[in-house]
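Analysis of the macromolecular model
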Amino acid sequence: MGEPAWWPSGISQSSFSESQESLICRTSFGKTTMWDYHSATELQWWKQVPEEGSIWGDWPQQVISVDNIIEDENGIILNISSQVEQWIVRIIPFAIGQDVSRIVRHNEWNEALQECDILMPVACWSNEKSDRIAIYPQYEIVEDDEIIDNMQLIISSMAKIHSSLSQFATPNSERLWNDTLKSIEGELKTNTLWRGPHSKNTVGLPTTNFRFASIVKVDGRLLLIAQPRRLVEHLLVGEQRLPAVANLMSMEREFANQIKVDEFQRKQSLDTWSDIVPTEWTGKKEMSTVLGGPWLWRYRAVLLNLAHAKAFGDNQLESNCKAWLGDVSRLQAHLGTIRMWKAGEWVGYSAIAVGFYAWKMQTMAGQNGLTLLVGGAIFAIIMNRIYWSKDPKPY
């Protein structure tokens, strides 16, 4: 029996068959548990409601067929139907959290998203650690070319979802986000290092895990599916609330894995998103590269894509990620140069302090203290202007 498409053969430390017996997946990034999902791919299993765990939403009744079973890197997908209704089922073989069912369980989130272009599960089956099965209304798979052609429409839909969830935002988690980046860099052994002093307006949102594969069609309308997190994100990051711009940059990199996304397209996507989300998310400091901004979240997305490529043996994606990280090293070198101008600003502040006390205490001859104070203020202002003028654009 071969390994399924969702098995992380590139990082697993035991064979698939051994892990099936122990129901533990051990990888170089950590470990997680599994469950025996095989019976859930058979019609007999759907004849009754699961007894263990918790059921959220409207569980399918009187199922008469189970077919079109396919596998991808996120699990197993199958179609089930009754006499009057059809559903698409996502089987999640690993214990990777409850991101999907949380959308169903929180009525306030659910209600806030009703007018958005999002397809939420109608039911989930979970245990205390993770969602196991997510059930969606019937939808159509969208061809890659159509998704690419509608990139800005999809970004706009994401922005509306982010705006709707803004009322449930949680405060900035700068320390946790930076510690996570350090941990990911350590696991991947990259030669890059980047941290961000995020502004207070960079807040965390409920998790939706939108990706390129999240885009489907219902009645001719493109929708985004709320999905479980990727295995590598569970192993390297765990459960975290991230800012909306992190989700946007992750989706941008998903598009970049399909087509060449240049500066114009990056700017267009960021402008489309910025026109819809709360204005405090898109201020000067929030978009500043020297303070992190979109470039830092692009960096995080590429690191996780690199981890995913290693896990599933995607050599092309791994090569692209390493090339991008090589390019971003030059951006980081530029940021290091910019910090010299910031150091000059602090020299100006020091001159202000020394000049002020010298002027007040008359420890310098004549008006030298006052001259130093004024000169220091002018120097600090000039250094500050130069510093911000050299801040790389967020796209």
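Here goes a summary of the coordinates provided.

Analysis parameters
Along each chain, the written sequence defines residue order, and numbers are assigned to residues from 1. Whole-chain, interface and lining totals are the exception, using all residues; otherwise, since this is a predicted model, local features are given only for residues with pLDDT of at least 70 and side-chain atom pairs are given and counted only at 80 or more. Hydrogens are left out, water is left out, and the side-chain values use all remaining heavy atoms of the structure. Whether two aromatic rings pair depends on their centres lying within 6.5 Å, for rings of Phe, Tyr and Trp, where Trp uses its six-membered ring; planes under 30 degrees apart make the pair stacked, over 60 edge-to-face, and the rest tilted. Any residue under 20% of the maximum accessible area for its type is buried, any over 50% is exposed, and the rest in between are partly exposed; the area is computed with a 1.4 Å probe on protein chains only. Counting as a charge over the ring demands two things of the Lys NZ or Arg CZ atom: a distance within 6 Å of the ring centre and an angle within 35 degrees of the ring normal. Of the grid points, spaced at 1 Å and generated over the protein atoms alone, those admitting a 1.4 Å probe that cannot get out make up cavities, while open sets with protein on both sides within 12 Å along at least five of seven lines make up pockets; any residue with an atom within 4 Å of a point is treated as lining. Grid points are joined across faces, edges and corners, and a volume is the space filled by probe spheres set on the points. Numbering goes from the N terminus for both helices and strands, where a helix is a DSSP run of H or I of at least four residues and a strand is a run of E of at least two. Residue type decides the class: Asp, Glu, Lys and Arg count as charged, Ala, Val, Leu, Ile, Met, Phe, Trp, Tyr, Cys and Pro as nonpolar, and the leftover types, Gly among them, as polar. Think of a salt bridge as a Lys or Arg side-chain nitrogen and an Asp or Glu carboxyl oxygen that are within 4 Å of each other. Two strands qualify as a pair provided that DSSP identifies no fewer than 2 bridges between them. Throughout, a residue-residue contact means that at least one pair of heavy atoms, one from each residue, lies within 4.5 Å. Here an angle of 0 to 180 degrees is reported between the N-to-C directions of two axes, which are lines fitted to C-alpha atoms, with helices fitted over the stretch in contact. Only residues whose relative accessible area exceeds 30% and that form no salt bridge are eligible for patches; like-charged ones are grouped when within 9 Å, while nonpolar side chains (Val, Leu, Ile, Met, Phe, Trp, Tyr) are grouped when within 5 Å. Per-residue and other accessible areas were derived by the Shrake-Rupley procedure at a 1.4 Å probe size, with only the shown protein chains allowed to occlude residues. Lys and Arg are tallied as positive, Asp and Glu as negative. Neither His nor the chain termini are counted. Charge coordinates come from a single atom per side chain, which is NZ of Lys, CZ of Arg, CG of Asp or CD of Glu.

1. Structural notes on the packing of aromatic side chains
- Across all of its chains, the model carries 18 aromatic pairs by this definition.
- Relative to W46, the ring of W45 has its centre 4.9 Å away and its plane inclined at 75°; by these criteria the two rings are edge-to-face.
- Judged by relative accessible area, which is 2%, W46 ranks as buried.
- Ring-pair connections join several aromatic residues into one group, and the members of that group are W6, W7, F16, Y37 and F94.
- The ring of W56 carries the charged tip of R105 above its face, separated from the ring centre by 4.9 Å.

2. So, the layout of surface pockets
- The volume enclosed by the largest pocket comes to roughly 740 Å³.
- Along the walls of the largest pocket sit 33 residues, with D72, N74, F212, A213 and E254 positioned nearest its centre.
- Every element with two or more residues in the lining of the largest pocket is listed here: β4 (65–72), β6 (86–91), α4 (144–149), β11 (215–218), α11 (293–312) and α12 (315–361).
- Across the lining of the largest pocket, the residue classes break down as 16 nonpolar, 8 polar and 9 charged.

3. Thoughts on the pattern of salt bridges
- Tallied over the entire structure, the rule returns 15 salt bridges.
- In this structure, the salt-bridge partner of D72 is R90, at a minimum N-O distance of 2.8 Å. Taken together, the residues span a long stretch of sequence, with D72 in strand β4 and R90 in strand β6 at a distance of 18 residues.
- D72 gets classed as partly exposed once you look at its relative accessible area, which sits at 24%.
- Its relative accessible area of 7% is what places R90 among the buried residues.
- E233 is the partner of R230 in a salt bridge, and the nearest nitrogen-oxygen pair spans 2.9 Å.

4. Focus on the sheet that holds strand β12 (residues 221–225)
- The mixed open sheet is built from 4 strands, whose spatial order is β7-β12-β11-β10. A strand with exactly one partner marks an edge of an open sheet, and here the two such strands are β7 (118–119) and β10 (140–141).
- Looking at chain direction, β7 and β12 are connected through 2 bridges and run parallel. Bridge pairing in β12 places I118 opposite L224.
- Contacts between helix α5 (residues 151–165) and the sheet are confined to β7, β11 and β12, with β12 contributing the most and set at about 55° to the helix.

5. Focus on the pairing of strand β9 (residues 131–137)
- For β9, the buried fraction is high: 6 of the 7 residues fall into the buried class.
- Where β6 and β9 come together, 5 bridges link them in antiparallel fashion. Its bridge partner lying in β9, I91 is registered against I133.
- Note that strand β8 (residues 123–126) and β9 share 4 bridges and pair antiparallel. Looking across to β9, one finds that S126 is bridged to D131.

6. Considerations on empty space enclosed by the protein
- Enumeration according to the criterion identifies 4 cavities of 30 Å³ or more in this entry.
- By volume, the largest cavity is sized at about 420 Å³.
- Residue lining of the largest cavity: 29 residues in total, with T207, N209, E233, L242 and N247 positioned closest to the centre.
- Of all the secondary-structure elements, those providing two or more residues to the lining of the largest cavity are α5, α8 (244–256) and α11.
- It is α8 that provides the largest number of residues to the lining of the largest cavity, a total of 5 residues.
- When grouped by side-chain class, the residues that make up the lining of the largest cavity number 13 nonpolar, 8 polar and 8 charged.
- Along its surface, the second largest cavity is lined by 16 residues, and T202, P243, V245, W281 and E286 are the ones closest to its centre.
- Elements represented by at least two residues in the lining of the second largest cavity include exactly α8, α10 (284–287) and α11.
- Per-element accounting of the lining of the second largest cavity gives the leading share, 3 residues, to α10.

7. Some remarks on unusual backbone geometry
- Phi at L23 takes a positive value of approximately 60°, unusual for a residue other than glycine.
- Exposure remark for L23: the relative accessible area of 30% places this residue in the partly exposed category.
- Residues other than glycine seldom take positive phi values, yet N209 does so here, at roughly 55°.
- Given a relative accessible area of 12%, N209 falls into the buried group.

8. What about a negative patch on the surface?
- Taken together, the side chains of E143, D144, D145 and D149 make up a negatively charged region of the molecular surface.
- Relative to the helices and strands, D145 resides in helix α4.

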